[in-house]
Amino acid sequence: MQTTNDIRRSFLDYFASKGHAQVQSAPLVPYNDPTLMFVNAGMVPFKNVFTGQEKRDYTRATSSQKCVRAGGKHNDLDNVGYTARHHTFFEMLGNFSFGDYFKEEAILNAWTLLTKEWALPQEKLLVTVYHTDDEAAELWKKIAGLGDDRIIRIPTKDNFWTMGDDGPCGPCSEVFFDHGDHIWGGPPGSPEEDGDRFIEIWNLVFMQFEQAGGEIVGNLPNQSIDTGMGLERISAVMQGVHDNYDIDTFRNLIAASEGLTGVKAEGDRTASHRVIADHLRSTSFLLADGVLPSNEGRGYVLRRIMRRAMRHAHLLGAKDPLMHRLVPALVAEMGQAFPELGRAQALIEETLEREEVQFRRTLSNGLKLLDEATGDMAEGATLAGETAFKLYDTYGFPYDLTVDALRPRGISVDEEGFQSAMAQQKAAARAAWKGSGQAADAEIWYDIAEREGATEFTGYTATTGEGRV
Ligand code: ATP
Ligand code: MG
Ligand code: MG
Ligand code: MG
């Protein structure tokens, strides 16, 4: 069996053999894009190369980029533990052409890697193209010999990539793997497409047009290629399992979590172990890249992910902080490919432990309140936003943790009510500032903090009020 580490290597070596420069993953905090919370795709570190603002000494590149999708436009946090294919942290394998090769070579390389190099069964692969992209459809027919029934034309934005309102854009073509009819789901474009039977493994973006103000204004002088393939998804396919959480990396992390909690990942315990394993990866990698838990911006996303995992550890009956004790298993799995993990291991362990000690002080009281508030609620009921806010404000329960806690019982949370309780409290705090006679700069700071949010380097000693998030 090829391990996930082998598969990463194999992808990078394949594209290196086709003249691509091997580029290290960039850190998760984007250095060139203040609008983005975390790097969420392989192309992000190359944005300025695609637009021509920046030149590199290569025109083709390949990487395995660390990605986090736990906020903003791509938020997969709520999927984790419940779908077979979503993580908060994952690696995106990619090959890129900066004005070098275009559609034909991109499709040829993708198909050759999948079906020759890796020998995947062709009959289980199908592709989508943007509905007007006849060129891509023809190329898939010519290169892969796919019939029209396995080249699905999609008319939605899902198959048209843009960088915002301005800059390069173009159609995409996604490759799907059919895991078999014993799994619920339908092909892309069908009503059952959200199921987990047909899993998207690779997205090829053909940067072809120039956009200005949301309108296509012409062809790009240099057409480019950006592709992204989820390492964990392709590992599942190549290791003959359906579920990402059954690949070697996750099995080993889940085994460590089973070992420390003494609880097997079976039945309704499965989701908890998966959430723990997934969140261990995202929180550890974020810490290794310099994000620290805090109350705003990136630091708060990190804290939310940690606390969500910590509730699941509690659910499994862990009597003491658990997360930091799993870090050695993660370093053993991924430390070779990502040496920053080993370098930051002590910091990661100390931070996770400190956060878990702190959160556990209020966790059981918060859960008690949650039980009381929802004790007589039936499936389909909604928890009042004010209660969710009290859990947040007094017990340090991030909103999504409360949502996650009620999900197995089919109870939802009134998000609007939560937001308005939050807004009220902020307004009250602001009024208190005003009345306090403090210098105006305090108020300006308050506004900036609220607007910008990002406070990743608040210092290792940043503390939070007891129970406050
Ligand atoms: P999906 O439709 O399954 O959510 P996507 O279209 O949002 O995927 P892309 O933005 O096209 O994904 O990202 C490129 C590739 O990265 C996908 O084809 C998939 O293999 C992988 N990927 C995307 N999101 C995740 C995730 N949350 N966890 C693991 N892999 C992912
Ligand atoms: Mg998605
Ligand atoms: Mg998709
Ligand atoms: Mg996609």
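Going by the structure above, here's the rest.
Residues numbered from 1 in each chain as written. Chains lettered and ligands numbered in written order. Predicted model: local features only at pLDDT ≥ 70, side-chain atom pairs only at ≥ 80, totals over all residues. Heavy atoms only, no water.

K.L.:
Please give an account of the overall build of the protein chain that cites residues and values.
P.N.:
Secondary structure summary: the protein chain contains 15 helices and 13 strands in total. Against the globule reference of 23 Å for 469 residues, the protein chain gives a C-alpha radius of gyration of 23 Å, in line with a compact fold. Projecting the C-alpha coordinates of the protein chain onto the three principal axes gives extents of approximately 70 × 55 × 45 Å. Taking all 469 residues of the protein chain together, 55% fall into the buried category. Here the contacts in the protein chain between residues at least 6 apart in sequence split such that 72% fall between residues at least 24 apart. Both charge centroids of the protein chain, one from 47 positive and one from 69 negative side chains, sit 3 Å from each other. (Helix = DSSP H or I, 4+ residues; strand = E, 2+ residues; numbered from the N terminus. Rg over C-alpha atoms; globule rule 2.2 N^0.38 Å. Buried < 20%, exposed > 50% of the residue type's maximum accessible area, 1.4 Å probe, protein only. Contact = heavy atoms within 4.5 Å. Lys, Arg positive; Asp, Glu negative; His and termini not counted. Charge placed at Lys NZ, Arg CZ, Asp CG, Glu CD.)

K.L.:
Explain helix α13 (residues 399-406) residue by residue, including any values.
P.N.:
Counting buried residues in α13 gives 7 out of 8 residues, a clear majority hidden from the surface. Residues of α13 that are buried: Y399, D400, L401, T402, D404, A405 and L406.

K.L.:
Explain unusual backbone geometry to me, and be specific about the residues and the numbers.
P.N.:
Even without glycine at this site, A119 takes up a positive phi of about 55°. Here A119 shows up in the loop between α3 (103-117) and β6 (125-130).

K.L.:
So what about the site of ligand 1? Which residues, and what values?
P.N.:
Near ligand 1 lie 15 residues; those nearest to it are D76, H86, E200, N203 and R233. Here a nitrogen atom of ligand 1 sits 2.6 Å away from a polar atom, N or O, in the side chain of D76. The separation between an oxygen atom of ligand 1 and a polar side-chain atom of R233 is 2.9 Å. In isolation ligand 1 exposes 590 Å². Once the protein is present, 86% of that is buried. Listed by contribution, the elements that provide at least two residues to the shell around ligand 1 are β5 (89-97), β10 (198-212) and β11 (215-230). Of the residues forming the shell around ligand 1, the biggest block, 4 residues, is contributed by β10. For the shell around ligand 1, the residue count by class is 4 nonpolar, 5 polar and 6 charged. (Near = heavy atom within 4 Å. Polar contact = N/O pair within 3.5 Å; in protein donor to acceptor, adjacent residues only side chain to side chain. Areas by Shrake-Rupley, 256 points an atom, 1.4 Å probe, with all protein chains shown as cover. Nonpolar A, V, L, I, M, F, W, Y, C, P; charged D, E, K, R; others polar.)

K.L.:
Give a detailed account of the pattern of salt bridges, specifying residues and quantitative values.
P.N.:
Taken as a whole, this structure holds 22 salt bridges when the rule is applied. Among the ionic pairs, D148 bridges to K141, the shortest N-O distance being 3.1 Å. With a shortest N-O distance of 2.7 Å, R303 and E355 are connected by a salt bridge. Separated by 52 residues along the polypeptide, R303 in helix α8 (residues 297-315) and E355 in helix α11 (residues 345-374) bring together distant segments of the chain. According to the relative accessible area criterion, R303 is buried, its value standing at 2%. For E355, a relative accessible area of 4% translates into the label buried. (Salt bridge = Lys/Arg side-chain N within 4 Å of Asp/Glu carboxyl O.)

K.L.:
Account for the side chain of S224, with residues named and values stated.
P.N.:
You can see S224 is positioned in strand β11. A distance of 3.0 Å separates a polar atom in the side chain of S224 from the backbone nitrogen of G99.

K.L.:
Could you give me a rundown of the nonpolar core, with the residues and numbers involved?
P.N.:
Counting residues in hydrophobic clusters, the biggest one holds 68 residues, and the most contacted among them are L286, M323, I348, L352 and F397. When contributions to this core are tallied by element, the ones reaching two or more residues are α6 (248-261), α7 (270-288), α8, α9 (323-334), α11, α12 (385-395), α13 and α14 (415-435). By size, the runner-up hydrophobic cluster in this structure holds 38 residues, among which are A106, V129, L146 and F206. (Core = buried A, V, L, I, M, F, W, Y, C linked by side-chain atoms within 4.5 Å.)

K.L.:
Would you mind going over the packing of aromatic side chains in detail, with residue names and values included?
P.N.:
A full pass over the atoms with the stated rule returns 22 aromatic pairs. Between F50 and F96 the ring centres are 6.4 Å apart and the planes differ by 65°, which places this aromatic pair in the edge-to-face class. Of this pair, F50 sits in helix α2 (residues 47-51) while F96 sits in strand β5, placing them 46 residues apart in sequence. Look at F50 and you get buried, because its relative accessible area is 10%. Joined through ring pairs, the aromatic side chains of F46, F50, Y58, F96 and F98 make up one cluster. (Phe/Tyr/Trp six-rings, centres within 6.5 Å; stacked < 30°, edge-to-face > 60°.)

K.L.:
Talk me through the environment of E350; I want residue IDs and the actual numbers.
P.N.:
Inspection of the secondary structure puts E350 in helix α11. Relative accessible area serves as the criterion here: at 43%, E350 is assigned to the partly exposed category. Between the alpha carbons of E350 and H324 there is a distance of 7.2 Å; along the sequence they are 26 residues apart.

K.L.:
Describe in detail the packing of α8 against α11, supporting the description with residues and values.
P.N.:
The axes of two packed helices give the description: the angle between them and the distance between them. Contact pair α8 / α11: the axes reach a minimum separation of 9 Å and the direction vectors enclose 65°. Considering only the axes of α8 and α11, their crossing is right-handed. Here R303, M306, R307, M310, R311, A313 and H314 of α8 come into contact with α11, specifically with T351, L352, E355, E356, Q358, F359, L363, S364 and L367. For the contact of α8 with α11, a count of residues per class yields 7 nonpolar, 4 polar and 5 charged. (Axes fitted to C-alpha atoms, helices over the stretch in contact; angles between N-to-C directions. Left-handed = near helix turned anticlockwise from the far one by under 90°.)

K.L.:
Report on the pairing of β6, specifying residues and quantitative values.
P.N.:
Where burial is concerned, most of β6 is hidden: 6 out of the 6 residues are buried. Residues L125, V127 and V129 line one face of β6 and the alternating positions L126, T128 and Y130 line the opposite face, and both faces are buried. Pairing analysis gives 3 bridges linking β6 to strand β9 (residues 167-178), with the strands arranged antiparallel. When the sheet's bridge partners are listed, L126 is paired in β9 with F176. Here β6 pairs with strand β7 (residues 151-154) via 4 bridges, running parallel. Bridge pairing links V127 to I151 in β7. Read as a crossover between parallel neighbours, the route from β6 over helix α4 (residues 134-144) to β7 is right-handed. (Pairing = 2+ DSSP bridges. Right-handed = clockwise from strand over helix to strand, strands pointing away.)

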